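If you want the building blocks of each chain, they are given just below.
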Amino acid sequence: MRAADSENDFDLRRLVEFINEQKYLPPTDLAALKAADRTNDVGITSLGAIGLVVAYLKRCGLDDASFNPDWLPDLEFLDGVLRVFKEIDRRAEATRV
Amino acid sequence: MQVEQRTDGLAEHEIEFFKENGFVGPFTLYSPEQAVRRWNQAKIEMVTSKNKPHNSTIINYDRHLDCNSLSEHIARPEIVSRLRSLMGEDILCWKSNIFPKYPGDAGTGWHQVETFRAGQVGDETKPALTYTANSSHVTSELTVWTAFSPAQREHGCMTFIPGTHKKWYYDETKPMKNKVESKRNDFFGFDYSELKIDQDWDPDSQDCVKMEMNAGQFVIFLAKCVHGSLPNVSSQTRMGFASRYVSPSVKVYDGVDHLEEYGERLSLDYFSCVLVSGEDRYGYNKICKQNLNGYDFDAMRQRSSSWERVG
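Let us look at the structure shown here. (Residues numbered from 1 in each chain as written. Chains lettered and ligands numbered in written order. Predicted model: local features only at pLDDT ≥ 70, side-chain atom pairs only at ≥ 80, totals over all residues. Heavy atoms only, no water.)

### Focus: the overall build of chain B
And step 1. When helices and strands are counted, chain B shows five helices and 18 strands.
And step 2. Relative to the 2.2 N^0.38 estimate, which gives 19 Å for 311 residues, the radius of gyration of chain B is 18 Å and therefore close to what a compact globule would have.
And step 3. Over its C-alpha atoms, taken along the principal directions, chain B stretches across nearly 50 × 40 × 40 Å.
And step 4. Taken over 311 residues, chain B has a buried fraction of 56%. (Helix = DSSP H or I, 4+ residues; strand = E, 2+ residues; numbered from the N terminus. Rg over C-alpha atoms; globule rule 2.2 N^0.38 Å. Buried < 20%, exposed > 50% of the residue type's maximum accessible area, 1.4 Å probe, protein only.)

### Remarks on the interface of chain B and chain A
And step 1. Across the boundary between the two partners, chain B contributes nine residues, which contact nine residues of chain A.
And step 2. When the two sides are added together, the surface that chain B and chain A hide from each other amounts to roughly 810 Å², 75% of it contributed by carbon and sulfur.
And step 3. Broken down residue by residue, the surface that chain B buries against chain A is led by B:K43, B:I44 and B:V47, which jointly contribute 54%.
And step 4. In this structure, the connection of chain B to chain A is made through one salt bridge.
And step 5. For the salt bridge of A:D64 with B:K50, the shortest nitrogen-to-oxygen distance reads 3.1 Å.
And step 6. Remark: the boundary between chain B and chain A carries one residue pair in polar contact (both at pLDDT 80 or more).
And step 7. The residue inventory of the side of chain B that touches chain A, partitioned by class, reads three nonpolar, four polar and two charged. (Contact = heavy atoms within 4.5 Å. Buried area = accessible area lost by both parts, 1.4 Å probe. Salt bridge = Lys/Arg side-chain N within 4 Å of Asp/Glu carboxyl O. Polar contact = N/O pair within 3.5 Å; in protein donor to acceptor, adjacent residues only side chain to side chain. Nonpolar A, V, L, I, M, F, W, Y, C, P; charged D, E, K, R; others polar.)

### Concerning the environment of B:Y282
And step 1. Examined against the element boundaries, B:Y282 turns out to sit in the loop between β18 (274–277) and α5 (297–305).
And step 2. Excluding residues that lie within four positions of it along the chain, B:Y282 makes contacts with B:P248 and B:S249.

### Section: the sheet that holds strand β12 (residues 217–221) of chain B
All names here are of chain B.
And step 1. Pairing is antiparallel across the open sheet formed by six strands, whose spatial order is β1-β12-β7-β14-β2-β18. Edge strands, defined here as strands with exactly one partner in the open sheet, are β1 (23–28) and β18. If you compare each strand with its neighbour and ignore which way they point, the axes differ by 30 degrees on average.
And step 2. As judged from the four bridges shared by strand β7 (residues 141–147) and β12, these two strands associate in the antiparallel manner. Paired with T143 across the strands is F221, a residue of β12.
And step 3. On the sheet, helix α1 (residues 12–21) packs against β1, β7 and β12 and is oriented at approximately 135 degrees with respect to β1. (Pairing = 2+ DSSP bridges. Axes fitted to C-alpha atoms, helices over the stretch in contact; angles between N-to-C directions.)

In structure tokens:
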């Protein structure tokens, strides 16, 4: 399912920036992410997607032990990565309250 | 799903089948659901491991040395008991490889090895394995290939040419050419057909076995049995994990301190073998008692040796 333009452009821009900060991932841009469906479409392997989420957990101040194995099927798709990032955002917010 | 839990080794007819054909299986180790969960856990560990054996993302060898789920897998009693039937009591795990085959990927060309040459293509290669004694058992070397996803024909299952372990069809000491043109002979980007001893011998004309497996099943084979794999024409990635075993009488990476493959150079400073059964009566190889993150191989081996047949 492709990311809806109206809601996710901001999220996709953030995702582009974050992906491009990870030196082990191929660089990408907004156009590529908007055209893509799966993470593999933009050159991110399954291990690369896990690494991306682990990096985001650390960015949000959470331990990589917080990685939920149930996230793995989501990480095949860019929409899924965005959902997982939002869940991480909520968890991080909960720890700050 | 009821999963077979045999830990008493191969049956006599299975041993005879192996002697004749060079491979035996498949055997069921995990249910398909268990296999998917275990591989997911392994992937998470590969990324989050605090003590990775190396930083290569291309040569992702030997992750059994740091990922607990893979450390446990290579020493599973259901695997080791069967290896004992062919190799005797004393067994080392010396290597593991991850073999993903993505949708659209080509098959792997036929190949046949015994010493697993190390080193850069075009340069003089050295054997990764040096055999110092004739085994009093069936063999001193085996590979176990476990499917962690469906590995049917359409996914790119393994293929074997039965009986080819009895004769050399390829000279593994010859260097291989890079950037293969023919996808029929694609061996990870190299042309293995160049190593044929008789260039007129056509492996594709031989009877072959297509080793279709469900996720969670494994096959045991001699690397000297000519083998390959079909292309993945499905929409699902096929995930295979190979764990490789030798007798302690075999010297591993003797005189080899690094690997150079696929444009990367990998130091073997991290390297050690895992004693999965019996004893090391030779002292040729460095043996680790724990994996790089503290998983206790000794305790696992002791648990395995006390398992009996279940069910």
